[in-house]
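Structural features, examined
Spelled out, the chains give:
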Amino acid sequence: MKTFSIGGVHPADNKISADAAIEQFPVPEVAYISMSQHLGAPAEPIVAAGDKVKVGQLIANPAGFISAPVHSSVSGTVKGIETIKDLAGNFCKAVVIEVEGDEWVETIDRSAEVVSEIKLEPKAIVDKIKEMGIVGLGGATFPTGVKLSPPPGKKAEFLIINGAECEPYLTSDYRLLVECPEQVLIGAAIMMKALGVTKGFVGVEENKPKAIEILKGFHSKYPQIEIVTLKKKYPQGGEKQLIDAVVGRQVPSMGLPIDTGAVVQNVGTAFAVYEAVQKNKPLFEGIMTVTGQCAAQQKNYRHRVGTPLSKIMEVSGGIPENAAKIISGGPMMGKAINNIDAPTLKGTSSILYLTEEQTKRKPESNCIRCAKCVAACPMGLEPFLLNKLAKAKRWDDAEANKIYDCIECGCCSFTCPAYIPLLDNIRLGKATVMKIMKSRPKK
Amino acid sequence: MSTIIIYTVVSLSLLGLLLAVVLYFVAQKFKVEENPLIDTIEAIMPGANCGGCGNAGCRAFAEACVKAGNLDAQFCPVGGNETMKKVAAAMGLEVAEKAPMVAVVRCNGSCANRAKTTTYDGYKSCAVMNSLYPGDTGCRYGCLGCGDCTNACQFGAISMDPETGLPVVDQDKCTACGACAKACPKGVIELRNKGIKNRRVFVSCINKDKGAVARKACKAACIGCGKCAKTCPFEAITVENNVAYIDYTKCKMCTKCVAECPTGAIHAVNFPPRPAAPAAPKAPVTPAAAPAAEAKKVAEPIAVEKNN
Amino acid sequence: MKQLLVSPSPHVHGEANTRKLMRDVVIALLPAVAVSIYFFGFSAIKMLVVALVSCLLVEWLIQKFLLKGECTICDWSATVTAVLLMLNLPPAAPWWIMVIGAVVAIGIAKMTFGGLGQNLFNPALVGRVFLLVSFPVIMTTWTTPEGWFGASVDAVSGATPLAFVKEALKNGATVQEIFEANPGLSWSQLLFARVGSAGEISAIALLIGFVYLLARKVIRPHITLSIWISVFVFAGILWLANPARFVDPVFQLLTGGMLLGSIFMATDYVTSPMTPKGQIIFGCGIGILTVLIRTFGAYPEGISFAILIMNAVVPLINMYVKPKRFGRK
């Protein structure tokens, strides 16, 4: 069984919502479609108050190379372009649409039929993916079209579909693999065609035997895509770790995955690519998990982008009494929700309720220099040292100790027996050091 | 026995002599010519090495002064005018006196005025908290209360008030080095004129949100109504981005604005207490609960600052 | 609605904490403690109680009145030091020796540096070495293990195998002669019971503790194994060069404080390097220094000194030995 070579931790996987089939979440009465749903510059709205829009209609254009268009997820009347708070409480621009009916743009193929023949040429595929506003759904929401256009001089050798879902609790990728395996594989095949590569992998962690079995059943139909069983270990689904695990190549420090010849895309992204290219459907729906030991119901929803989180919480049984923290994303890298009225985004993967006992941080004690953080760091860094350097604002030393290589996976904080919040300081230190490095004149 | 002692003494003495000679020549060879004035000035400096002047430390300050040949761009906030006069004398120059400054916390979001909306559970540092989210209250601009400023202060002049959750500056200890202002990720702390008899008037809020939003987040927020600016006879107050600012170079400390502010966001410190009566007549403009609170607010800051 | 918690990720924490780790070390030491009680009976129990009481008391007093911090005696670290100290002293030593050892170990070696995690040297070892150089006679008066409650304080004293062999070698005997004359020095005897400090009696008990620590993932094997291998190799070279002058490597491994030191003292988190590579360097240093001191130095046993010397080198190792970084092959 394959796995990455350095560090890692073993959090309890808690996939308690794994057996809940994906349900269509009802269309909200008002949708708040954020313009900042991707990494890069926020999109620029092209609709105004009073405009009528249909489901799937383009409502905002990308504003720059690293950006993505935004499509309406509902039909109705645009109420206006407002400033709303995102889930952390930061302000962002959003198109607010009052929903009337559910009228889709005619060009979208809404039939359930699986289309496996790929008609478009590579260039046209990339354009289509860009046009349909597809972004990486593994967490970073990096525009997929950009990722599928390797910079000049770099050549992709293979595509890796990330089905590791190493974050505890999350099950949206798993459900997708179980319910729509062929679509995901076709999505992968489309991207392989776009990249001009002949070898593809789907990496799945061993704790999802059902998904592995189903995918392997398609082997005769898609022989160019190999299903790789990965060891259950966090952060198996980290981009750099996944490449290391699947093909045994390590992304160089400060380098990009493409330097190893690999392009990594998430399962959700592959599905979105399938829908965009084969069904002409822009990315305005997402799969998300509602879970937690204290949650009233375990759910996997297909939601329209722009649905208020509070609405999803309400429909799935309300916020549990004893929930102390609500997280969007997994417990290792997800964001704590500050504003429950924030709308869902393309990349929203879960609502996770944790009780005080599960999540409240314990008082920090002295570092006993046990080196467990060093052993856990998947990037081979020394978190105890970086924490100290960041706290002392010794940026030069932090840089010399490769603080910029940190992938913010949280293994160090997770494993520290003294409950030292190592990553809190390292993350800040990393941001500061990166800023300093960028401000330096290039040679 | 005695021969051993003699041998030891002689050999060690010879060794010492030899090394002394070597050291002498090395010191001669690697001697760095330095203006003795630098040492003189460094001796005058307070020696806090706080970096408040913008140099790496007191010696760097001295070097910068000597290199420039004048004191136009240099000022030691810790030593103040006293030190600068001495430095100027050492350099054979005259120096204009600068008004003493003090750090001022421009946030009035105490626990009572500004209700918490979430509980922050991360590492207790304003910088970390600020990088995560806008803050644990409805206000995006105000003090985060983790005390980065108190940690930055080398003079023990700033401390967190456990009751209000806000930092309090001890004006006698504050040297206006600016470390706290630099440490504050929200930019809540400003260096302002210390004022005659330590009297100061300032707007204790930097919330740039619209009035209603600001008011909802914090009872004592500046709502940008502009009344103070209209009242001010010296045109010292400007309202920009929904927040008022008093220019301390123009303010004549008439404190008319203090009574005018509907939320009590303007603070006047170290003024003798006076009857709270003048606040009463403007009831129609202020919401129902305000007058009582307001009367208190005029007196409150004075009490707080006097305790320092 | 009640206020939600907000913090940076990660939002969950693993099972491990300082207390559990320290408690596991104590549990791993229990077999050795049990053996020492079995062989030395009441005197071992007495020493254990004195060690525990004095170590915990010193830590509590210093924390409360000098450092004015939170009470730390519940974190089990002082307990670890106490048990190690007890296992490091001759079981027949007077009780006040243990009190002095505790004051030095906790008071000087640990708390002056700021408490758990801050000390440069292993507290228990500092305590032991302090006693060894201050009270050499008491610290080298050993009772022969005899059986359940068989040995009391005034029992016949014997020399440890190491001291015995060293003395004999000094008197001109060859290694072969010594071993032929003393069947008690055979491997089987060494594995189960020999003369020495309370914790050096049984190699088997210590090895059980080692397995437990590894199984619970409290320590990684790098330090211990590199000590063993370096001792074996270095002592082996000497032995091959002149088997009449130098004892065989297995004897080196099984005698004295080698096992106690390599399993429990050298692997102390606080005073050992952070990276696997650094830990191997650290272990090899200890191994080589130990054999050097044992064969060429004045003392028959050298692992305590070797560990302390290497403790001093740890900051240097940490500075220069970096872990294997991702993406830098």
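Residues numbered from 1 in each chain as written. Chains lettered and ligands numbered in written order. Predicted model: local features only at pLDDT ≥ 70, side-chain atom pairs only at ≥ 80, totals over all residues. Heavy atoms only, no water.

What follows covers the interface of chain C and chain A. At the interface, 40 residues of chain C touch 64 residues of chain A. Buried surface at the junction of chain C and chain A, summed over both partners, amounts to about 4300 Å²; 56% is from carbon and sulfur atoms. Of all residues in chain C, the largest losses of buried area upon contact with chain A belong to C:H11, C:M274 and C:F326, amounting jointly to 21% of the total for that side. Counting every contact that joins chain C to chain A gives two salt bridges. Where chain C touches chain A, the interface holds 23 residue pairs in polar contact (both at pLDDT 80 or more). Of all the secondary structure elements, the ones that give two or more residues to the side of chain C that touches chain A are β1 (4-6) and α1 (18-40) of chain C. Looking at the side of chain C that touches chain A, its residues break down into 18 nonpolar, 14 polar and eight charged. (Contact = heavy atoms within 4.5 Å. Buried area = accessible area lost by both parts, 1.4 Å probe. Salt bridge = Lys/Arg side-chain N within 4 Å of Asp/Glu carboxyl O. Polar contact = N/O pair within 3.5 Å; in protein donor to acceptor, adjacent residues only side chain to side chain. Helix = DSSP H or I, 4+ residues; strand = E, 2+ residues; numbered from the N terminus. Nonpolar A, V, L, I, M, F, W, Y, C, P; charged D, E, K, R; others polar.)

Time to look at the domain arrangement of chain A. Residue and element names in this part refer to chain A. The domain boundaries assigned to chain A delineate domain 1 (1-22 + 107-360) and domain 2 (372-439). Counting residues at the interface gives 14 residues for domain 1, matched by 16 residues for domain 2. Put simply, domain 1 and domain 2 have zero salt bridges between them. Between domain 1 and domain 2 we count four residue pairs in polar contact (both at pLDDT 80 or more) in total. (Domains from an automatic or database assignment.)

A contiguous nonpolar patch, built from C:F42, C:I45, C:V49, C:V53, C:L57, C:W60, C:L61 and C:F65 and spanning about 750 Å² of accessible area, is present on the exposed surface. Position of C:L61 relative to the elements: it lies in helix α2 (residues 42-66). (Patch = residues over 30% accessible without salt bridge, like charges linked within 9 Å, V, L, I, M, F, W, Y side chains within 5 Å. Areas by Shrake-Rupley, 256 points an atom, 1.4 Å probe, with all protein chains shown as cover.)

A rise of 1.5 Å per residue sets the reference length of helix α15 (residues 303-320) of chain C, with its 18 residues, at 26 Å; its end C-alpha atoms lie 25 Å apart and thus fit the reference within 8%. Taken as a whole, α15(C) carries its principal kink of about 40° at C:V313; the proline C:P315 stands between one and four residues after it. (Expected span 1.5 Å × (residues − 1). Bend = angle between axes of the 7 residues up to and from the residue.)

Our next topic: the interface of chain A and chain B. Taken together, the 15 residues of chain A in the interface contact 14 residues of chain B. Looking only at chain A, the three residues that lose the most surface to chain B are A:F91, A:N338 and A:L428, adding up to 37% of its buried area. Linking chain A to chain B there are one salt bridge. Between A:K360 and B:D121 there is a salt bridge; the shortest N-O distance is 3.8 Å. Looking at side-chain class alone, the side of chain A that touches chain B contains four nonpolar, five polar and six charged residues.

In this section: the pattern of salt bridges. Residue and element names in this part refer to chain A. Here the structure, examined in full by the defined rule, presents 37 salt bridges over all chains. In this structure, R249 engages E157 in a salt bridge whose closest nitrogen and oxygen atoms are separated by 3.2 Å. Of this pair, R249 sits in the loop between α6 (239-247) and β12 (262-266) while E157 sits in the loop between α2 (144-147) and β9 (158-163), placing them 92 residues apart in sequence. R249 sits in the partly exposed class, given a relative accessible area of 33%. Between E179 and R175 there is a salt bridge, with its nearest N and O atoms 3.0 Å apart. Of this pair, E179 and R175 both sit in helix α3 (residues 172-179), four residues apart, which is roughly one turn of the helix. Through salt bridges that share partners, D102, E275, K281, E285 and R304 make up one connected network. (Buried < 20%, exposed > 50% of the residue type's maximum accessible area, 1.4 Å probe, protein only.)

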